[in-house]
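Notes for the structure review
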Amino acid sequence: MKKIYSIILIFVLSLSSDTIFLKNGRKFEGIELERDSLKIKFQINIGSTTVNIDDIDSISKSNDNNLINKWNKSNFLDNYPKKFKYLRDEYFQLQKIKDQYDKDVSDFNQIVTRKKTLEREIENSVYDVEKLKKQYETAEYFQRLNIDKKLNDLYKKINLHQNELSRIEFVINKTFISDASYIDKLMSLDFKITALSENDRQIQFIKLLSDQIDKLMENVSISEIKCEIKNNQVLVNVSVNGIMMKFIVDTGASQVVISEKAAIKAGVKKEKGSSVRISLADGSTADAFLVNLDEVTLGTASEQNVTGIITKNSPGSGIDGLLGYSYLGRFHVNIDNYKKIIRLSKVR
């Protein structure tokens, strides 16, 4: 039966096949080069590969030229006019920045996943402890000895998990992943391509490069916010925990700063923060409180768990605070003083 199956499969294979579905659930695109009763050799994008016929589930057929054209597009960076080498090099730099950003995000997400796992395990262990305590009350002497051992093991497990959880929470609180450099390079490359002459933009290399940039730009959210320029200061309406306030945009401030009066309106309690000393613009120092702001929103750009500082006084008359780096650093920021617009960009 196995030989008959092989013969039938070879008969239905076409020389113009392009998508090969394997029995292990994987698939790839290729063009059949040669075959025998046991295996088939396919041309693939990076060379060739040989597959046992018994490992193939099915093959989807299409025109070879379409697949070759697709491969040519994927390899367009290897075929470029010399005068556009600078654009090719910048695109490679962009890919490296993006790869590092993706890795940082992936590593951070693994830490967050581990945190959630530990929290569940601690919760389950605490539940088991309470259950054993109830059993202990009605247990006999030797049963209690066994329960004591189980309780000790659970207490040790809880302690270890709590210690690890504390370390993870410290790392999470100190970790800050910014996509600003990636977006800056992406927008710079997009601008340079757009600025090319119409004739240059009709060159195949530029068309394909532009398509790649457009696809990357689709994953970037851009929020535009009207601002007010007053006394060389950029003023914006900011929502802190759902309460609208007037802030000065201060790219030099390391944290979001909010006056004590405004913090009370937003339901932010300084007692839950830690006491700190801060340096003021005139060189003096003042007492303040380092707190966590549940949500800070500018336009449609909303961020949770933003570090903030509560100060006794406001930065100015009618001003509730400063919008600093602990919020702005999460975006690529562009301030257009002429149009009075702030653009906040971020990878979705």
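Since the model is a prediction, treat every value here as computed from it, not as a measurement. (Residues numbered from 1 in each chain as written. Predicted model: local features only at pLDDT ≥ 70, side-chain atom pairs only at ≥ 80, totals over all residues. Heavy atoms only, no water.)

**Points about the overall build of the protein chain**
The secondary structure content of the protein chain amounts to eight helices and 17 strands. Residue burial in the protein chain is summarised as follows: out of 348 residues, 33% are buried. Counting contacts in the protein chain only where the partners sit at least 6 residues apart, residues at least 24 apart contribute 61% of the total. Total accessible area computed for the protein chain in this model is approximately 22000 Å², and 50% of it derives from carbon and sulfur atoms. (Helix = DSSP H or I, 4+ residues; strand = E, 2+ residues; numbered from the N terminus. Buried < 20%, exposed > 50% of the residue type's maximum accessible area, 1.4 Å probe, protein only. Contact = heavy atoms within 4.5 Å. Areas by Shrake-Rupley, 256 points an atom, 1.4 Å probe, with all protein chains shown as cover.)

**Quick word on the pattern of salt bridges**
Where charged atoms from two side chains of opposite charge come close, those side chains can pair. Enumeration according to the criterion identifies 18 salt bridges in this entry. Between Arg343 and Glu224 there is a salt bridge, with its nearest N and O atoms 2.8 Å apart. Here the residue Arg343 occupies a position in strand β17 (residues 341-347), and Glu224 occupies one in strand β7 (residues 220-226), the gap between them amounting to 119 residues. (Salt bridge = Lys/Arg side-chain N within 4 Å of Asp/Glu carboxyl O.)

**What about the layout of surface pockets?**
Quantified by volume, the largest pocket comes out at close to 1400 Å³. Taken together, 38 residues form the lining of the largest pocket, with Ile172, Thr175, Gln304, Asn305 and Arg330 sitting closest to its centre. The set of elements that each furnish at least two residues to the lining of the largest pocket consists of α3 (85-138), α4 (141-174), β13 (285-298), β14 (301-311) and α8 (325-328). Among the elements that make up the lining of the largest pocket, the one with the highest residue count is α3 (seven residues). Per-class residue counts for the lining of the largest pocket are eleven nonpolar, 16 polar and eleven charged. (1 Å grid on protein atoms, 1.4 Å probe; cavity = no way out; pocket = protein on both sides within 12 Å on 5 of 7 lines; lining within 4 Å. Points joined across faces, edges and corners; volume = space filled by probe spheres on them. Nonpolar A, V, L, I, M, F, W, Y, C, P; charged D, E, K, R; others polar.)

**Some details on the nonpolar core**
Considering soluble globular proteins, one finds that nonpolar side chains tend to be buried as a cluster. Ranked by size, the top nonpolar core spans 28 residues in total, and within it Val236, Phe247, Leu323, Tyr327 and Leu344 carry the most contacts. Listing elements by their share of this core, those giving two or more residues are β9 (233-240), β10 (243-249), β11 (256-259), α7 (260-265), β13, β14, α8 and β17. Excluding residues that lie within four positions of it along the chain, Tyr327 makes contacts with Val256, Val296, Thr297, Leu298, Ala301, Glu303, Val306 and Leu344. If you look at the next biggest cluster of nonpolar residues, it comprises 19 residues, including Tyr91, Leu186, Phe205 and Leu209. (Core = buried A, V, L, I, M, F, W, Y, C linked by side-chain atoms within 4.5 Å.)

**Digging into the sheet that holds β17**
Strand order in the open sheet formed by three strands is β7-β17-β16, and the pairing between neighbours is antiparallel. Here the strands that pair on one side only, and so sit at the sheet edges, are β7 and β16 (332-336). On average, each strand axis in the sheet is inclined to that of its neighbour by 15°, with strand direction left out of account. Sheet topology note: the β7/β17 ladder contains seven bridges and is antiparallel. Counterpart to Ile222 in the pairing with β17 is Ser345. (Pairing = 2+ DSSP bridges. Axes fitted to C-alpha atoms, helices over the stretch in contact; angles between N-to-C directions.)

**Some points on a nonpolar patch on the surface**
Together, Tyr141, Phe142 and Leu145 line one region of the surface with nonpolar side chains, adding up to about 400 Å² of accessible area. With respect to the helices and strands, the residue Leu145 is situated in helix α4. (Patch = residues over 30% accessible without salt bridge, like charges linked within 9 Å, V, L, I, M, F, W, Y side chains within 5 Å.)

**Examining the confidence of the model for the protein chain**
Residues of the protein chain with pLDDT of at least 70 account for 88%, and the chain-wide mean is 84. Note that residues 1-17 has pLDDT below 50 and, in this model, 35 contacts with residues that lie over four places away or in other chains. (pLDDT = per-residue confidence, 0-100.)

**Describing the packing of α3 against α4**
Axes are the key here: two packed helices are described by the angle between their axes and the distance separating the axes. For the pair α3 and α4, the least separation of the axes is 9 Å and the interaxial angle reads 155°. Taken together, α3 and α4 sit at an angle that is classed as roughly antiparallel. In the crossing of α3 with α4, the sense of the turn from one axis to the other is left-handed. The residue makeup of the contact of α3 with α4, split by class, is 18 nonpolar, four polar and 13 charged. (Parallel < 35°, antiparallel > 145°, perpendicular 65-115°, else oblique. Left-handed = near helix turned anticlockwise from the far one by under 90°.)

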